[in-house]
Amino acid sequence: MKHTEKMLRDDALKGKTIVVTGGGSGLGKAMSRYFLELGAKVTITSRNFDKLKNTAKELEAETGGICLPIQCDVRHYDQVEQVLAEVLKSFGEVDVLLNNAAGNFISPTERLSANAFDTIIDIVLKGTKNCTLAFGKHWIKSKQENTKVLNIVTTYAWTGSGYVVPSAAAKAGVLAMTRSLAVEWAKYGMQFNAIAPGPFPTKGAWDRLLPGDLKEKFDMSKKVPLNRVGEHQELANLAAYLVSDFSSYINGEVITIDGGEWLKGAGEFNLLEDIPQEMWDQLEAMIRATKKNK
Ligand code: HXC
Ligand code: NAP
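Note that the structure is a prediction, hence the values are computed from the model and not measured. The numbering scheme is per chain: residues are counted from 1 as the chain's sequence reads. Labels follow written order: the first chain is A, the first ligand is 1, and so on. Note on the predicted model: pLDDT of at least 70 is required for a residue's local features to be given, and 80 or more for side-chain atom pairs to be given and counted; whole-chain, interface and lining totals, by contrast, use all residues. Side-chain calculation: all heavy atoms of the structure are included, whereas hydrogens and water are not.

K.L.:
Would you take a moment to explain the nonpolar core for this structure?
P.N.:
As a rule of thumb, nonpolar side chains are buried together in soluble globular proteins. Put simply, buried Ala, Val, Leu, Ile, Met, Phe, Trp, Tyr and Cys residues joined by side-chain atoms within 4.5 Å make one nonpolar core. Partly exposed describes any residue whose relative accessible area lies between the buried limit of under 20% and the exposed limit of over 50%, with all areas from a 1.4 Å probe on protein chains only and scaled to the type maximum. Among the nonpolar cores identified, the biggest contains 32 residues, and Leu13, Ile18, Met31, Phe35 and Ile195 are the most heavily contacted of them. A run of H or I in DSSP counts as a helix once it spans at least four residues, and a run of E counts as a strand once it spans at least two, with each numbered from the N terminus. A per-element tally of this core places helix H9 (residues 232-243) first, with seven residues. Not counting residues within four places of it along the chain, the set of residues in contact with Met31 comprises Leu98, Asn100, Ile152, Leu235, Ala236 and Ala239. Formed by 24 residues, the second largest nonpolar core is a distinct cluster that contains Val87, Phe91, Leu97 and Ala101. In this analysis, two residues are considered to be in contact whenever any of their non-hydrogen atoms come within 4.5 Å of each other.

This is how it looks when you write it as structure tokens:
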């Protein structure tokens with residue numbers, strides 16, 4: 001069996017209605033495809049309606065499922081409420097919200113205008129807040145239980161990272177919201193979890209985080225102990241599990257899927273990886289000699 005194979009049984013999401021923000025491209029599209037294959041009805045949203053329409057058509061043809069495209073800029077609460085209303089009109093109810101939409105680009109922080117900083121915070125943190133609040137209020141009012149919110153963060157939500165500071169601050173806020181509401185809204189039958197992906201190549205992310213020849217200069221797979229980047233199906237497998245009923249006792253968790261990347265950066269002595277194997281005899285002898293020299 002390979003890590004790129006599909007993990008769950010074919011009917012794992014049958015009967016579920018799922019809204020994926022930013023579902024027209026990249027990881028959102030990959031997760032939406034797998035949800036459809038598993039029997040869910042999926043609504044994909046983002047700002048670019050033509051892109052959404054094409055993706056929905058492509059995914060329906062590939063999977064035989066129902067994929068509804070709805071234009072929505074998550075920065076605007078009224079547009080999010082409109083999505084909810086349209087989904088309820090089309091499907092009767094909604095079971096899962098996947099907050100995946102994001103904005104990001106690399107920049108030294110001192111080069112950012114106040115509006116540039118706000119733009120990222122507004123898409124990532126305020127957008128996630130808008131969707132979560134609208135859907136959460138609906139679920140509370142309608143007394144619908146067994147609902148789930150899955151948030152896509154990243155590992156620098158807790159380590160922080162230079163050159164993507166607005167994104168790091170916003171993702172940290174999303175992580176705090178995930179853990180906070182996992183407790184506060186559990187009484188309404190809602191579960192909140194997050195996924196923290198490491199590097200998963202997508203056009204949206206790579207064009208903004210590794211423009212031009214930075215892709216070659218900074219090979220992301222070299223930062224990963226497992227020596228490779230992620231495959232979209234691996235993330236889709238994890239997301240499908242977390243929105244399915246199989247994960248009903250997981251709440252308030254953030255699951256990292258990064259091949260060990262962030263821990264490699266964090267561990268004090270992990271840089272000793274660069275020492276050639278043949279040097280270790282010599283190093284051991286030097287260390288042992290310190291006892292004799294006492
Ligand atoms: C400095 C910049 C800039 C740049 C834009 N701005 N790009 N400043 N360096 N490279 C400034 C603009 O000048 C403007 O400020 C403000 O930011 C808003 O820019 P707009 O273009 O008007 O915004 P908008 O059209 O809303 O586009 C948002 C965007 C864009 C974030 C700038 O890149 C976008 O649409 N992104 C969506 C998709 C995306 O980012 N995907 C990647 C997610 S990857 P002023 O002051 O001039 O008005 C990800 C990975 C995480 O999150 C972890 C990886 C391991
Ligand atoms: P992507 O294809 O650029 O996805 C971002 C999506 O968000 C796009 O479909 C975009 O669509 C949508 N979006 C942006 N601004 C929006 C807004 N204001 N309102 C509604 N939708 C908006 O990049 P990706 O790599 O797949 O990223 C998906 C998620 O994974 C993000 O949360 C990202 O932070 C996270 N992530 C990615 C990686 C990685 O290595 N790729 C690693 C860690 C975390 P429109 O432009 O049409 O609006």
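K.L.:
Help me understand the site of ligand 1 in this model?
P.N.:
In these notes, residues near a molecule or strand are those with any non-hydrogen atom within 4 Å of it. Taken together, 17 residues form the shell around ligand 1, and within it Arg47, Asn104, Ser113, Asn115 and Arg208 come nearest. Polar contact criterion, stated in full: a pair of N or O atoms within 3.5 Å, where within protein one must be able to donate a hydrogen and the other to accept it, and residues adjacent in sequence count only if both atoms are side-chain atoms. Contacts to ligand 1 include Asn115, whose side-chain N or O atom sits 2.8 Å from an oxygen atom. The contact in question runs from an oxygen atom of ligand 1 to an N or O atom on the side chain of Arg208, over 2.8 Å. Accessible surface area values rest on a Shrake-Rupley calculation with a 1.4 Å probe, where residue burial reflects the displayed protein chains alone. When ligand 1 is considered free in solution it has 1100 Å² of accessible area, and contact with the protein chains removes 60% of it. Contributions of two or more residues to the shell around ligand 1 are made by helix H4 (114-142) and helix H7 (203-209).

K.L.:
Even after reading the chapter, I still don't get helix H6 (residues 165-184), so can you show me in this structure?
P.N.:
A helix is expected to reach a length of 1.5 Å times the quantity of its residues less one. Between its terminal C-alpha atoms H6 stretches 28 Å, which fits the 28 Å expected from 20 residues at 1.5 Å a residue. Taken together, the buried positions of H6 are occupied by Pro166, Ser167, Ala168, Ala170, Lys171, Val174, Leu175, Met177, Thr178, Leu181 and Ala182.

K.L.:
Would you mind going over the site of ligand 2 with me for this structure?
P.N.:
Around ligand 2 sit 28 residues, and of these Ser25, Ser46, Arg47, Asn100 and Thr202 come closest. Within the side chain of Asp73, an N or O atom sits 2.9 Å from a nitrogen atom of ligand 2. Within the complex, the protein chains bury 89% of what would otherwise be the 880 Å² of accessible surface of ligand 2. For the shell around ligand 2, the elements supplying multiple residues, two or more each, are helix H1 (26-37) and H7. Among the elements that make up the shell around ligand 2, the one with the highest residue count is H7 (three residues). Counted by class, the shell around ligand 2 contains 13 nonpolar, 10 polar and five charged residues. For this scheme, ten residues count as nonpolar: Ala, Val, Leu, Ile, Met, Phe, Trp, Tyr, Cys and Pro. Four count as charged, namely Asp, Glu, Lys and Arg, and the remainder, Gly too, count as polar.

K.L.:
Help me understand the pairing of strand E6 (residues 190-197), please; the structure alone is not making it clear to me.
P.N.:
Residues in a regular strand point their side chains to alternate faces of the sheet. The buried count for E6 comes to eight of eight residues, which makes it a mostly enclosed element. Neither face of E6 is exposed, since Met190, Phe192, Ala194 and Ala196 on one face and Gln191, Asn193, Ile195 and Pro197 on the opposite face are all buried. Pairing between strands is defined by DSSP: at least two bridges between them are needed. With six bridges joining them, strand E5 (residues 147-152) and E6 adopt parallel strand pairing. Directly across from Asn151, in E6, lies its bridge partner Ala194. Here E6 runs beside strand E7 (residues 254-257); their pairing, made up of four bridges, is parallel. Counterpart to Ala196 in the pairing with E7 is Thr256.

K.L.:
Is there a simple way to explain a nonpolar patch on the surface in this structure?
P.N.:
Patches here are clusters of residues that have more than 30% relative accessible area and form no salt bridge, with a 9 Å joining cutoff for like charges and a 5 Å cutoff for nonpolar side chains (Val, Leu, Ile, Met, Phe, Trp, Tyr). Salt bridge criterion: a side-chain nitrogen from Lys or Arg within 4 Å of a carboxyl oxygen from Asp or Glu. Side chains of Phe269, Leu271, Leu272 and Trp280 sit close together on the surface and give an oily, nonpolar patch of about 420 Å² of accessible area. Note that Trp280 resides in helix H11 (residues 280-292).

K.L.:
Got a minute to help me understand the packing of H1 against helix H2 (residues 49-63) in this structure?
P.N.:
Packed helices, taken two at a time, are described by the angle their axes make and the gap between the axes. Where helices are involved, their axes are fitted lines through C-alpha atoms of the stretch in contact, as for all axes, and angles between N-to-C directions lie from 0 to 180°. It is at 10 Å that the axes of H1 and H2 come closest, and there the two elements cross at 35°. In terms of crossing hand, the pair formed by H1 and H2 is right-handed. Counted together, Lys29, Ser32, Arg33, Leu36 and Glu37 of H1 and Thr55, Glu58, Leu59, Glu62 and Thr63 of H2 form the full contact between these two elements. Each helix crossing is assigned a hand: it is left-handed if the near helix lies turned anticlockwise from the far helix by less than a right angle, otherwise right-handed if that turn is clockwise.

K.L.:
What exactly am I supposed to notice about the packing of aromatic side chains here?
P.N.:
One pair of aromatic rings is described through two measures. These are the centre distance and the angle between the planes. We call Phe, Tyr and Trp rings a pair once their centres come within 6.5 Å, taking the six-membered ring for Trp, and we label the pair stacked below 30 degrees between planes, edge-to-face above 60, and tilted otherwise. Inspection of the entire model under this criterion finds three aromatic pairs. Arranged with centres 6.0 Å apart and planes meeting at 75°, the rings of Phe135 and Trp139 form a pair that is edge-to-face. A residue pair is termed a helical-turn pair when its members lie 3 or 4 positions apart in one helix, as Phe135 and Trp139 do in helix H4 at four residues. A ring pair is formed by Trp158 and Trp262, whose centres lie 5.5 Å apart and whose planes are at 80°; its orientation type is edge-to-face. With a gap of 104 residues between them, Trp158 in helix H5 (residues 156-159) and Trp262 in helix H10 (residues 261-266) connect regions that are remote in the sequence. Classification of Trp158 as partly exposed rests on a relative accessible area of 32%.

K.L.:
What should I look at first to understand the sheet that holds strand E3 (residues 67-71) in this one?
P.N.:
Two modes of strand pairing occur in sheets, parallel and antiparallel, and in both the strands are linked by backbone hydrogen bonds. The strand order across the open sheet built from seven strands is E3-E2-E1-E4-E5-E6-E7, with neighbouring strands paired in parallel fashion. Single-partner strands in this sheet number two, and they are E3 and E7. Taken over all neighbouring pairs, the strand axes of this sheet differ in orientation by 20° on average, direction set aside. Packing against the sheet, H2 makes contact with strand E2 (41-46) and E3, and its axis sits at approximately 175° to E3. Lying on the sheet, helix H3 (residues 77-91) is in contact with strand E1 (17-21), E2 and E3; it crosses E3 at an angle near 155°.

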